[in-house]
Amino acid sequence: PKIIGSLGMEFIDNVTGVYVSGSYAYVTDFHSGLFTYMSDFKVIDISIPSRPKIIGSPIILQGYAEDVYVSGSYAYVGDESGLQIIDISTPVGPPPIGSVDLPGDPNAFYVSGSYAYLTYTEGLQVIDISTPSSPTIIGSVDTPGTPDGNGAYDVYVSGSYAYVTDPGLQIIDISTPSKIGRAHV
């Protein structure tokens, strides 16, 4: 393998999440200053892999953004305030259209159908995203966490189960998303 293209530090500082769909890479990028920090969401044209370029203006996010997931015409971004939904049907200048606050910082998420599954400090949140302009938390389950306070970290959804790392593997029954519970620890 060899590197055929890149964007240097003058364009992106510290990429924390990436999702590729078609000719675009959607990234979250973290910046820190003397007493401040922020993240932004950028769209990168990768149609010519040897010459990636940022298109449009970045969207400033709230605090540290951890991850990005794309499904259909929407990008879902987890930042310190919760879940942000961005309409990417027009990649140049995509507008944020909805958000929902979470009780903790999101770590990772997975989108399946009308639901976003987010891991955060205490466990797993299920968010109904069927109306992107007004996402709603409809269920949650606490997971064991670790003695140092770290909680659920990653999530993958397959069928009726969400597989969550915290600190081992937690298998969560999501067959009825508003009534989730651990199927196996």
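Residues numbered from 1 in each chain as written. Predicted model: local features only at pLDDT ≥ 70, side-chain atom pairs only at ≥ 80, totals over all residues. Heavy atoms only, no water.

Draft legend 1. Representation of the confidence of the model for the chain within the structure. Overall, the predicted model of the chain reaches an average pLDDT of 85, with 88% of residues at or above 70. The least confident element of the chain is strand β16 (residues 181–184), whose mean pLDDT is 53; the most confident is strand β13 (residues 155–158), at 95. (pLDDT = per-residue confidence, 0-100. Helix = DSSP H or I, 4+ residues; strand = E, 2+ residues; numbered from the N terminus.)

Draft legend 2. The arrangement of the sheet that holds strand β6 (residues 74–79) in detail. Strand order in the open sheet formed by four strands is β5-β6-β7-β8, and the pairing between neighbours is antiparallel. A strand with exactly one partner marks an edge of an open sheet, and here the two such strands are β5 (65–71) and β8 (96–101). Across the sheet, the mean angle from the axis of one strand to that of its neighbour is 20°, orientation sign disregarded. Examined bridge by bridge, β6 and strand β7 (residues 82–87) share six bridges and lie antiparallel to one another. The residue bridging tyrosine 74 from the neighbouring strand is aspartate 87, located in β7. (Pairing = 2+ DSSP bridges. Axes fitted to C-alpha atoms, helices over the stretch in contact; angles between N-to-C directions.)

Draft legend 3. Molecular detail of the nonpolar core. Formed by 25 residues in total, the largest nonpolar core has its most connected members in Leu83, Leu124, Ile127, Ile129, Val155 and Ile172. Setting aside residues no more than four positions away along its own chain, isoleucine 129 makes contact with Tyr76, Leu83, Ile85, Val111, Gly113, Ser114, Tyr115, Ala116 and Pro135. Counting residues in hydrophobic clusters, the runner-up holds 13 residues, among them Val43, Ile59, Val68 and Val70. (Core = buried A, V, L, I, M, F, W, Y, C linked by side-chain atoms within 4.5 Å. Buried < 20%, exposed > 50% of the residue type's maximum accessible area, 1.4 Å probe, protein only. Contact = heavy atoms within 4.5 Å.)

Draft legend 4. A look at the pairing of β13. The two faces of β13 differ: Val155 and Val157 on one face are buried, but Tyr156 and Ser158 on the other face are not. A loop of two residues connects β13 with strand β14 (residues 161–166), the two strands running antiparallel in sequence, and glycine 159 in this loop sits at a positive phi of about 60°.

Draft legend 5. Focus on the side chain of glutamine 170. Looking at the element boundaries, glutamine 170 is found in strand β15 (residues 168–173). What makes glutamine 170 buried here is its relative accessible area of 3%. Within the structure, the side chain of glutamine 170 is placed 2.9 Å from the backbone oxygen of aspartate 166, a separation counted as a polar contact. (Polar contact = N/O pair within 3.5 Å; in protein donor to acceptor, adjacent residues only side chain to side chain.)

Draft legend 6. Examining the sheet that holds strand β12 (residues 136–142) more closely. Read across the sheet, four strands follow the order β9-β10-β11-β12 without closing on themselves; strand pairing throughout is antiparallel. Bordering the open sheet on either side are β9 (106–112) and β12, each of which pairs with just one other strand. With strand direction ignored, the average angle separating the axes of adjacent strands in the sheet is 20°. One ladder, built from six bridges, connects strand β11 (residues 123–128) with β12; its direction is antiparallel. Each residue of the ladder has a partner; that of leucine 124, found in β12, is valine 141.

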